[in-house]
Amino acid sequence: MAQDHEYALQPVPLESRKSFLKMLMVMMGFTFFSASMISGGTLGSGLTFTQFILIVLAGNLILGVYTSALAYIAAKTGLSTHLLTQYAFGRKGSYLASFLLSATQIGWFGVGVAMFAFPVHQVTGINTYVLIFVAGILMTATAYFGMKALTILSFIAVPSIIVLGSMSVGIATDSLGGIQGLIDQQPAETLGLAAALTICIGSFISGGTLTPDFARFAKTKKSAVTSTLIAFFIGNSLMFTFGAVGVIATGVSDISEVMFIQGLIIPAILVLGLNIWTTNDNSLYASGLGFSHITKIDKSKVVIFNGLIGTILAIWLYNNFVSWLTFLGSTLPPIGAILLIDYFILRRAKYSSFAQTNFKTVNWAAIIAWVIGVLSAQFIPGIAPINALIGSAASFLVLSLLQNKYIETNTTVERVS
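Residues numbered from 1 in each chain as written. Predicted model: local features only at pLDDT ≥ 70, side-chain atom pairs only at ≥ 80, totals over all residues. Heavy atoms only, no water.

### Considerations on the confidence of the model for the protein
Here is step 1 of the chain: Counting all residues, the mean pLDDT for the protein is 91, and 96% of those residues have values of 70 or more.
Here is step 2 of the chain: The secondary-structure element of the protein with the lowest mean pLDDT is helix H17 (residues 322–330), recorded at 70, while helix H4 (residues 81–89) shows the highest, at 97. (pLDDT = per-residue confidence, 0-100. Helix = DSSP H or I, 4+ residues; strand = E, 2+ residues; numbered from the N terminus.)

Have a look at this one:
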């Protein structure tokens, strides 16, 4: 049997871990996502630029803390999100988390392929289906070859996006009269601060729940936490800024569309392609880990199948499924919150050896807490992603303590009788 270099069903050994710089590039590439720019454009059109900066820093700090805590667990255990969920959800209960995480990522992969193909078709005239096919193949290829390919791509993409995107933002800022002109801009319609924070945090908290799939390759816990915090706090903030400045200057939020307007056609295609590619291959990689966990089929084979499905359904997903994917995204943060409570509070930051642990079949406390978290996001007023985290975390803690108390009581009664 060939060695699994991606460690889909086992912890990543220390000798296969990666340096801080490699982890930083992978995590930055993960957070460089066109949807974050669209969210940034929404904030930029509804807030003053000063309010925008404060909201983005606050929102991405919350995202950074959440994902960094997950990264810490992953680096310490060497386990992916899907293997970690077995501790909290149980062996088969973890399949719920893996299915939700994986299906959502396949959907976003397809949407991402279409998000690349449509604008490139408009400016080049190349057939949309050809663009979708080529993009889908390339993005699937890097996910197939795993962390090594993701790292190489990120080393190319991250600096390119930063340099070209910053150049475009500089041109846009000059068109507004410089930094002061940007600050002086007033929104036509005001966006509430709570709604703005919801948009900021909600933009990537579902994807952030998959952080352990990549952070497990970090050599040290410090490296995992630092690279993740930088990526979500600085990298994601940069994407928001690209979107906000773009929409203020030109009326569109995607940096590639802004560059098309500025006449920077080739740089725009490069930025668009690399931006989507670095997130899409991470999404496909994570979905492969999830379905491999459920089916026990080799991750590489699952990645090819998932990439094929995402590519074939790209246009349909883009036209019909975005709102459903957004809803599915709200079901993912409770999974991360439950993992954090289980590890840091209930297990006191120490998991037993994965290979030697006899997992429960299903931990119903986790399943019920997940449902409560989803309902909290949908129906409790306030900041939906925060409601999801708090609702699932609090209910899981209470239900677990009650469950443990019940087991202890029954055990005591049995011994007495």
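### Description of unusual backbone geometry
Here is step 1 of the chain: Despite not being glycine, tyrosine 7 shows a phi value in the positive range, around 55 degrees.
Here is step 2 of the chain: Tracing the backbone shows tyrosine 7 in the segment before helix H1 (20–31).
Here is step 3 of the chain: The backbone phi angle of lysine 296 is positive, close to 65 degrees, even though this residue is not glycine.
Here is step 4 of the chain: Positionally, lysine 296 belongs in the loop between helix H14 (265–295) and helix H15 (299–312).

### Quick notes on the side chain of threonine 173
Here is step 1 of the chain: In this structure, threonine 173 sits in helix H7 (residues 147–175).
Here is step 2 of the chain: Among the residues examined, threonine 173 registers a relative accessible area of 8% and is labelled buried.
Here is step 3 of the chain: When residues no more than four places from it in sequence are discounted, the contact partners of threonine 173 are Gly178, Ile179, Leu182 and Val245. (Buried < 20%, exposed > 50% of the residue type's maximum accessible area, 1.4 Å probe, protein only. Contact = heavy atoms within 4.5 Å.)

### Topic: the packing of aromatic side chains
Here is step 1 of the chain: As enumerated under the stated definition, the model contains 16 aromatic pairs in all.
Here is step 2 of the chain: Between tyrosine 72 and phenylalanine 344, the ring centres sit 5.9 Å apart and the planes meet at 35 degrees, which makes this aromatic pair tilted. Of the two residues, tyrosine 72 is situated in helix H3 (residues 49–77) and phenylalanine 344 in helix H18 (residues 333–346); the sequence distance between them amounts to 272 residues.
Here is step 3 of the chain: Tyrosine 72 sits in the partly exposed class, given a relative accessible area of 25%. (Phe/Tyr/Trp six-rings, centres within 6.5 Å; stacked < 30°, edge-to-face > 60°.)

### What about the nonpolar core?
Here is step 1 of the chain: Membership of the largest hydrophobic core comes to 125 residues, with the highest contact counts inside it found for Leu43 and Phe214.
Here is step 2 of the chain: Those residues within four positions of leucine 43 in sequence are excluded, and the remaining contacts are Phe52, Ile55, Val56, Leu191, Ala196, Ile199, Cys200 and Phe240. (Core = buried A, V, L, I, M, F, W, Y, C linked by side-chain atoms within 4.5 Å.)

### Some remarks on H14
The periodicity of an α-helix, 3.6 residues per turn, causes residues three or four places apart in sequence to face the same way.
Here is step 1 of the chain: For H14, spanning 31 residues, the distance from its first C-alpha to its last is 44 Å, which sits close to the expected 45 Å at 1.5 Å a residue.
Here is step 2 of the chain: Of the residues one or two after H14, lysine 296 is the one with positive phi, at around 65 degrees. (Expected span 1.5 Å × (residues − 1).)

### Side note on H3
Here is step 1 of the chain: In this model, H3 (29 residues) spans 41 Å end to end at C-alpha, consistent with the 42 Å of a helix rising 1.5 Å per residue.
Here is step 2 of the chain: The first or second residue beyond H3 is glycine 78, which carries a positive phi of 75 degrees.

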